[in-house]
Amino acid sequence: MKMMKQFAQIVLVLAIVFACPSVLSAQCTGWGSYVEDGNEVPCGGANPCCTVYNACNAPCNNYDYDFVATGGCDMACTPIDSGVLFILIGGGLFGAFMLNRRRELELVTEEVKS
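Residues numbered from 1 in each chain as written. Predicted model: local features only at pLDDT ≥ 70, side-chain atom pairs only at ≥ 80, totals over all residues. Heavy atoms only, no water.

S.K.: What's the story with the overall build of the protein in this structure? I'm lost.
M.R.: Secondary structure summary: the protein contains two helices and two strands in total. Along its sequence from the N terminus, the protein presents helices and strands in the succession α-β-β-α. Within the span of the protein, comprising 114 residues, buried residues form 19% of the whole. Within the protein, counting contacts between residues at least 6 apart in sequence, those at least 24 apart form 45% of the total. With the model as given, the accessible surface of the protein reaches about 8,400 Å², and the carbon-plus-sulfur share is 69%. (Helix = DSSP H or I, 4+ residues; strand = E, 2+ residues; numbered from the N terminus. Buried < 20%, exposed > 50% of the residue type's maximum accessible area, 1.4 Å probe, protein only. Contact = heavy atoms within 4.5 Å. Areas by Shrake-Rupley, 256 points an atom, 1.4 Å probe, with all protein chains shown as cover.)

S.K.: I would appreciate a short explanation of the pattern of salt bridges in the present structure.
M.R.: Two side chains that carry opposite charge are able to pair once their charged atoms sit near each other. The full count for this structure, using the stated rule, is two salt bridges. Ionic pairing is found between Arg 101 and Glu 104, a salt bridge with its closest N-O pair at 3.8 Å. Taken together, the residues span about one helical turn, with Arg 101 and Glu 104 both in helix α2 (residues 82-113) at a distance of three residues. The class for Glu 104 is buried, based on a relative accessible area of 18%. We note a salt bridge from Arg 102 to Glu 106, for which the minimum N-O separation is 3.8 Å. Note that Arg 102 and Glu 106 are positioned in helix α2 at a spacing of four residues, about one turn of the helix. Residue Arg 102 is classed as exposed on the basis of its relative accessible area, which comes to 53%. Under the relative-accessibility criterion, Glu 106 is labelled partly exposed at 41%. (Salt bridge = Lys/Arg side-chain N within 4 Å of Asp/Glu carboxyl O.)

S.K.: I'm lost on the environment of Phe 97 in this one. Help?
M.R.: Mapped onto the fold, Phe 97 is located in helix α2. Sequence-wise, Phe 97 and Gln 6 are 91 residues apart; in three dimensions their C-alpha atoms are separated by 9.2 Å.

S.K.: What exactly am I supposed to notice about a nonpolar patch on the surface here?
M.R.: Taken together, the side chains of Ile 10, Val 13, Leu 14 and Leu 93 define a hydrophobic patch exposed on the protein surface, amounting to about 290 Å² of accessible area. Ranked by residue count, the leading element in the nonpolar patch is helix α1 (residues 2-19), at three residues. Among the secondary structure elements, Leu 93 is positioned in helix α2. Under the relative-accessibility criterion, Leu 93 is labelled partly exposed at 37%. (Patch = residues over 30% accessible without salt bridge, like charges linked within 9 Å, V, L, I, M, F, W, Y side chains within 5 Å.)

S.K.: It is not clear to me how the packing of aromatic side chains should be interpreted in this structure. Could you clarify?
M.R.: Aromatic ring pairs are reported here in terms of the distance separating the ring centres and the angle at which the planes meet. Summed over all chains, the structure comprises one aromatic pair. Ring centres of Tyr 63 and Tyr 65 lie 5.2 Å apart, and the angle between their planes is 80 degrees; on these two criteria the pair is classed as edge-to-face. The buried category is assigned to Tyr 63, whose relative accessible area is 9%. (Phe/Tyr/Trp six-rings, centres within 6.5 Å; stacked < 30°, edge-to-face > 60°.)

S.K.: Got a minute to help me understand α2 in this structure?
M.R.: Because an α-helix packs 3.6 residues into every turn, residues spaced three or four apart end up facing the same way. Compared with an ideal rise of 1.5 Å per residue, which puts 32 residues at 46 Å, α2 spans 46 Å between its outermost C-alpha atoms and is within 8% of the ideal. For α2, the full list of buried residues reads Leu 85, Asn 100 and Glu 104. (Expected span 1.5 Å × (residues − 1).)

Written out as structure tokens, the structure reads:
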């Protein structure tokens, strides 16, 4: 019975992760939801086009000076790296396991005391 409860919790977490694609995306509301603020220039010459597929300004074919460090690409729309996602989900599951284990140990100590 206890094993089924843990299995159900794991299935619930996996269902939430895979059913909600917004969990896998970063701060941006969607691909191409980039809003120009006026300091963008058309790409070409000294200003290369943004070549990152999921960058917010990739469909705009421009170079944004606000994002010089990333080659003019607004990276807020790019998905979370799978390694980072693994660490986040694994850490959450490990934390839940440790909390559950502590609760079980508290129950055992209460049984021993009584």
